[in-house]
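# Topology and contacts: notes
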Number of protein chains: 2
Amino acid sequence: MKVLRIPEATVSRLSIYSRYLQRLERDGVVTVSSNEIAKGVGVSSAQVRKDLAYFGEFGTRGVGYNVKDLMHYILRILGLTRPWPVVLVGAGNLGTALCTYRGFKDRGFNIVGVFDNDLLKIGKRIQDLEVLPVERIPEVVAEHNVRIGIITVPQSETQGVADILVKAGVNALLTFGPTVVQVPEDVVVRNVDLSIKLEVLTFYLNLRETHPSAWFETNL
Amino acid sequence: MKVLRIPEATVSRLSIYSRYLQRLERDGVVTVSSNEIAKGVGVSSAQVRKDLAYFGEFGTRGVGYNVKDLMHYILRILGLTRPWPVVLVGAGNLGTALCTYRGFKDRGFNIVGVFDNDLLKIGKRIQDLEVLPVERIPEVVAEHNVRIGIITVPQSETQGVADILVKAGVNALLTFGPTVVQVPEDVVVRNVDLSIKLEVLTFYLNLRETHPSAWFETNL
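Calculation rules
Residues numbered from 1 in each chain as written. Chains lettered and ligands numbered in written order. Predicted model: local features only at pLDDT ≥ 70, side-chain atom pairs only at ≥ 80, totals over all residues. Heavy atoms only, no water. UniProt positions renumbered as here; feature names shortened; annotations may be inferred. Helix = DSSP H or I, 4+ residues; strand = E, 2+ residues; numbered from the N terminus. Phe/Tyr/Trp six-rings, centres within 6.5 Å; stacked < 30°, edge-to-face > 60°. Buried < 20%, exposed > 50% of the residue type's maximum accessible area, 1.4 Å probe, protein only. Pairing = 2+ DSSP bridges. Contact = heavy atoms within 4.5 Å. Axes fitted to C-alpha atoms, helices over the stretch in contact; angles between N-to-C directions. Polar contact = N/O pair within 3.5 Å; in protein donor to acceptor, adjacent residues only side chain to side chain. Arc of directions from axis to C-beta. Least-squares fit on C-alpha atoms with pLDDT ≥ 70 in both. Salt bridge = Lys/Arg side-chain N within 4 Å of Asp/Glu carboxyl O.

### Describing the UniProt feature "DNA-binding region" (unreviewed entry) in chain A
Under the UniProt annotation, "DNA-binding region" (unreviewed entry) lies at residues 16–55 of chain A. Across residues 16–55 of chain A, helical content stands at 70% and strand content at 5%; the span's end C-alpha atoms are separated by 16 Å.

### Quick look at unusual backbone geometry
Residue and element names in this part refer to chain A. Its identity is not glycine, yet Gln-127 carries a phi of approximately 50°, on the positive side. Its place among the elements puts Gln-127 in the loop between strand E5 (125–126) and strand E6 (129–133). The phi dihedral of Asn-145 falls on the positive side, at around 50°, and the residue is not glycine. Mapped onto the fold, Asn-145 is located in the loop between helix H7 (137–144) and strand E7 (148–151).

### Points about the packing of aromatic side chains
In this description, an aromatic ring pair is defined by two values, namely the gap between the centres and the angle between the planes. In total, this model carries six aromatic pairs over all chains according to the counting rule given. On the basis of an interplanar angle of 85° and a centroid distance of 4.8 Å, the ring pair of Tyr-101 of chain A and Phe-104 of chain A is categorised as edge-to-face. Across the pair, exposure class does not vary: Tyr-101 of chain A and Phe-104 of chain A are buried alike. For the pair Phe-203 of chain B and Tyr-204 of chain B, a centre-to-centre distance of 5.1 Å together with 75° between the ring planes defines the contact as edge-to-face. Each member of the pair, Phe-203 of chain B as well as Tyr-204 of chain B, carries the same accessibility label: buried. Put simply, the rings of Tyr-101, Phe-104 and Phe-109 of chain A touch in pairs and so form one group of aromatic residues.

### With respect to the sheet that holds strand E8 (residues 172–176) of chain B
All names here are of chain B. What the seven strands build is an open sheet, ordered E5-E6-E4-E3-E7-E8-E9; its pairing is mixed. Two strands bound the open sheet, and with one partner strand each, they are strand E5 (125–126) and strand E9 (188–192). Where E8 and E9 come together, five bridges link them in parallel fashion. Within E9, the position partnered with Phe-176 by the bridge is Val-192. Together, strand E3 (84–89), strand E4 (109–116) and strand E6 (129–133) form the strand contacts of helix H7 (residues 137–144), whose direction differs from that of E4 by roughly 165°.

### Topic: the side chain of Asp-51 of chain A
All names here are of chain A. Inspection of the secondary structure puts Asp-51 in helix H3 (residues 45–53). With a relative accessible area of 0%, Asp-51 lands in the buried category. Reaching out from Asp-51, the side chain makes a polar contact with the side chain of Tyr-17 at a distance of 2.6 Å. Excluding anything up to four places from it in sequence, Asp-51 contacts Thr-10, Arg-13 and Tyr-17.

### Things to note about the UniProt feature "domain: CoA-binding" (unreviewed entry) in chain A
Within this numbering scheme, the UniProt entry marks residues 80–180 of chain A as carrying the feature "domain: CoA-binding" (unreviewed entry). Summarising residues 80–180 of chain A: 34% helix, 30% strand, and an end-to-end C-alpha distance of 27 Å.

### Concerning helix H3 (residues 45–53) of chain B
All names here are of chain B. For H3, the full list of buried residues reads Ser-45, Val-48, Asp-51 and Leu-52. Buried residues along H3 cover an arc of 120° about the axis, so they all sit on one side. Turned more than 90 degrees from where H3 packs its buried face, Lys-50 and Ala-53 sit exposed.

### Some details on the environment of Thr-158 of chain B
Residue and element names in this part refer to chain B. On the secondary structure map, Thr-158 appears in helix H8 (residues 155–168). Thr-158 sits 36 residues away from Ile-122 along the chain, and the two C-alpha atoms are 18 Å apart. For Thr-158, the residues in contact, after removing those within four places along its chain, are Ile-151, Val-153, Thr-175, Thr-179 and Val-181. A polar contact of 3.3 Å, which involves the side chain of Thr-158, links it to the backbone oxygen of Pro-154.

### Comments concerning the sheet that holds strand E9 (residues 188–192) of chain A
Read across the open sheet, the seven strands follow the order E5-E6-E4-E3-E7-E8-E9 (chain A); overall the sheet is mixed. In the strand order of this sheet, the two ends are held by E5 and E9 of chain A, each with one partner. Strand contacts of helix H9 (residues 194–210) of chain B: strand E3 (84–89), strand E4 (109–116), E7, strand E8 (172–176) and E9 of chain A, with the helix running at about 170° to E9 of chain A, the strand carrying the most contacts.

### Re the relation of the copies chain A and chain B
The two chain copies are related to each other by a rotation about an axis together with a translation along it. For the pair chain A and chain B, the best superposition has an RMSD of 0.0 Å and corresponds to a rotation of 180° with a translation of 0.0 Å parallel to the axis. Here the transformation between the copies is reduced to the relation of a two-fold axis. Of every C-alpha in chain A, the one belonging to Asn-93 of chain A sits nearest the axis of rotation, 2.5 Å from it. Here 100% of the interface residues in chain A have copies in chain B that are interface residues too; the copies meet face to matching face.

### Quick notes on the pattern of salt bridges
On inspection of all chains with the given rule, the structure shows 20 salt bridges over all chains. Glu-199 of chain B serves as the salt-bridge partner of Arg-107 of chain A, at 2.6 Å between the closest nitrogen and oxygen. With Arg-107 of chain A in the loop between helix H6 (102–106) and E4 and Glu-199 of chain B in helix H9, this residue pair bridges two chains. Glu-139 of chain A is the salt-bridge partner of Arg-136 of chain A, the closest N and O atoms lying 2.9 Å from each other. The class of Arg-136 of chain A is partly exposed, set by a relative accessible area of 33%. Linked by salt bridges that have partners in common, Arg-19 and Arg-107 of chain A together with Asp-193 and Glu-199 of chain B make up one network.

Structure, rendered in structure tokens:
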């Protein structure tokens, strides 16, 4: 398996392909073409073939891909053939929303600990979890062998919480908002900045007003 | 201004560059090189030059870019030289978190209406907004000339709410979760699926275990 310099956009699309393949499998579909995958998820079929080619040869010309095999292969690439315990720090509105987000469980992400340093939040229950004080992070991380942490605290506390998680042994972090956290180089960090998504929308709205023909070509 | 077939990743990076330039401007920096921008935001300097080249010639060889000019130019491309009124539908935990998200206001996004169809939520106050019944969407969209809608309702209601917003005149939607909404082709939709971000993390965690040398090359 050759896996060098895979664009991150490819990794994200693999997630999307795997969901589509899961749906096909549930519907009893046995084989699928790159054209069908492309149409099902809204990208070009050349893109589908290019993304899959990073990981070697798939499919049979004229027959297409075996749905089940391709799905399992992609899930294996994404590391999703096993469940992942996750801790979440920051039990405010966003943290609570994420704890109750069904999409995580569906993909094998189990939130095993929720933490906050606010006395009004500690002890509160979110689904079947009790909000614990931040001091208990190391214990829960060790107990469940947690590798992934989600940080939903205010921006000013994000770096401090990242430090605590990394020290406890977590080596993948998902953060929210514009703060760029500093971590050792063996820790993977990805960030969700929701303003950026809105700015993609305004880019297109603006482009459509100023260059209507360019807009129609770009929004494909 | 030639703006054809700009990769969406470029648009997202323009958002990031503009934030960095705003910070430089606040610090009184007058010129900046593509190397400095690259270092400041964590991408390659070739990428910075390539992204900016989509929009024409910038900068002076050996001098770099004028911070203020480049920042304003990017903000203009992103449509951010004016404020954008936004409506949000779904006043649950996620919706409440987004209403109180400071990052939106900082970039000119003003949430002017929050809606829900849950009688327990209607009338509740989130910051200075009162949660209104969904029936009042058309009135608020028309009053504020709203183009952008954020949908944070349960997955099963996402399409219905998208239809209501589009009918009211909204032509850019931000949705959450795996549901793919169907809209007329003059409506722009972007989706935030938080599981996909976690799957990027597990991809790297898995890659590091299975191909340590590949991991170090990829995670740059």
